[in-house]
Amino acid sequence: MAYTIDRYPSGESPRLGAMTLHPVAESVPRARRWFRKFIAPYNPVCSIDDCALMISELVTNAIVYGQSDETWLVRVEWFRDGTSLRIEVHNPGFPASVQLRCPDAADAHGRGLLLVDAIADSWHSGPSCFGGTVVSFVVADAWPV
């Protein structure tokens with residue numbers, strides 16, 4: 001099973017790196033590990049643990065809710081926009097299906113976007129430039145001015 005990492009930023013782009021993952025449970029901890037490893041050289045001052053948690057939640061959602069009749073991958077990209085860090089998770093699911101849920105205390109699922117909403121400075125969902133859905137979040141002041 002092949003996974004790919006692109007850790008070399010482009011001079012014309014704010015993208016710092018990207019990874020593609022198969023839609024399987026093992027990809028969730030892999031996404032956390034790879035993000036931690038490849039963001040470290042950029043020395044962000046924000047909580048890498050918080051970012052890794054939010055990536056875990058969004059990759060899990062991408063795996064659970066992504067749909068395609070063909071073989072597909074989950075794509076994670078991270079960008080530096082001035083002092084902010086933006087992370088995007090792409091999957092082939094339908095964009096309109098992304099929504100915050102209000103699970104009951106007894107519900108075992110449904111808290112992923114609530115965590116992202118509580119931790120990130122902002123988040124967004126919509127159509128992905130790769131087709132399907134993108135869910136992204138921003139951590140403001142990830143780097144000093």
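This write-up is about the structure you can find in this document. Per chain, residue numbering runs from 1 following the sequence as it is written. Restriction of local features to residues with pLDDT of at least 70 applies here, the model being predicted, together with a cutoff of 80 or more for giving and counting side-chain atom pairs; totals for whole chains, interfaces and linings are based on all residues. Hydrogens are left out, water is left out, and the side-chain values use all remaining heavy atoms of the structure.

Now for the overall build of the protein chain. A run of H or I in DSSP counts as a helix once it spans at least four residues, and a run of E counts as a strand once it spans at least two, with each numbered from the N terminus. Looking only at helices and strands, one finds 3 helices and 6 strands in the protein chain. Reading the helices (α) and strands (β) of the protein chain from amino to carboxyl end gives β-β-α-α-β-β-α-β-β. Expressed as a percentage of its 145 residues, the buried residues of the protein chain come to 41%. Contact criterion: two residues are considered in contact whenever any of their non-hydrogen atoms come within 4.5 Å of each other. Contacts in the protein chain between residues at least 24 apart in sequence constitute 60% of all its contacts with a sequence separation of at least 6. When the accessible surface of the protein chain is summed, it comes to about 7,900 Å², and 53% of that surface belongs to carbon and sulfur atoms. For the exposure calls, accessible area comes from a 1.4 Å probe over protein chains only, and a residue counts as buried if that area is under 20% of its type's maximum, exposed if over 50%, partly exposed in between. Values of accessible area rely on a 1.4 Å probe in the Shrake-Rupley scheme; residue burial ignores everything except the protein chains shown.

The phi torsion at N43 lies on the positive side, around 50 degrees, for a residue other than glycine. Look at N43 and you get exposed, because its relative accessible area is 55%. Phi at D141 takes a positive value of approximately 55 degrees, unusual for a residue other than glycine.

Relative orientation of the contacting elements helix 1 (residues 27-39) and helix 2 (residues 48-65) amounts to 145 degrees, with a least axis distance of 9 Å. Seen from above, helix 1 lies across helix 2 with right-handed handedness. Together, S27, V28, A31, R32, F35, R36 and I39 of helix 1 and I48, D49, C51, A52, I55, S56, V59, T60 and I63 of helix 2 make up the contact between the two elements. Polar here means any residue other than Ala, Val, Leu, Ile, Met, Phe, Trp, Tyr, Cys and Pro, which are nonpolar, and Asp, Glu, Lys and Arg, which are charged; Gly is therefore polar. Residue composition of the contact of helix 1 with helix 2, by class: 10 nonpolar, 3 polar and 3 charged. Under this scheme, a helix contributes an axis fitted over its contacting stretch, all axes are lines through C-alpha atoms, and angles between N-to-C directions fall in the 0 to 180 degree range. If you view the pair so one helix is near and one far, a crossing is left-handed when the near helix is turned anticlockwise from the far one by less than a right angle, and right-handed when it is turned clockwise.

This brings us to the nonpolar core. Nonpolar side chains in soluble globular proteins generally cluster together in the buried interior. Side-chain atoms within 4.5 Å are what join buried Ala, Val, Leu, Ile, Met, Phe, Trp, Tyr and Cys residues into a set we call a nonpolar core. The biggest cluster of nonpolar side chains holds 32 residues, and the ones touching the most others in it are F35, V59, V76, W78, L85, I87 and F137. Those elements that provide at least two residues to this core are strand 2 (15-21), helix 1, helix 2, strand 3 (74-81), strand 4 (84-91), helix 3 (112-119) and strand 6 (133-139). Beyond its immediate chain neighbours, meaning those up to four positions away, L85 contacts F35, I39, C46, C51, W78, F79, F137, V138, V139, A142 and W143.

Cysteine sulfur pairs qualify as disulfides if the two atoms are within 2.5 Å. Summed over all chains, the structure comprises 0 disulfides. Left unpaired, C51 is separated from the closest cysteine sulfur, that of C46, by 4.1 Å.

Read these as geometric descriptors, not functional statements.
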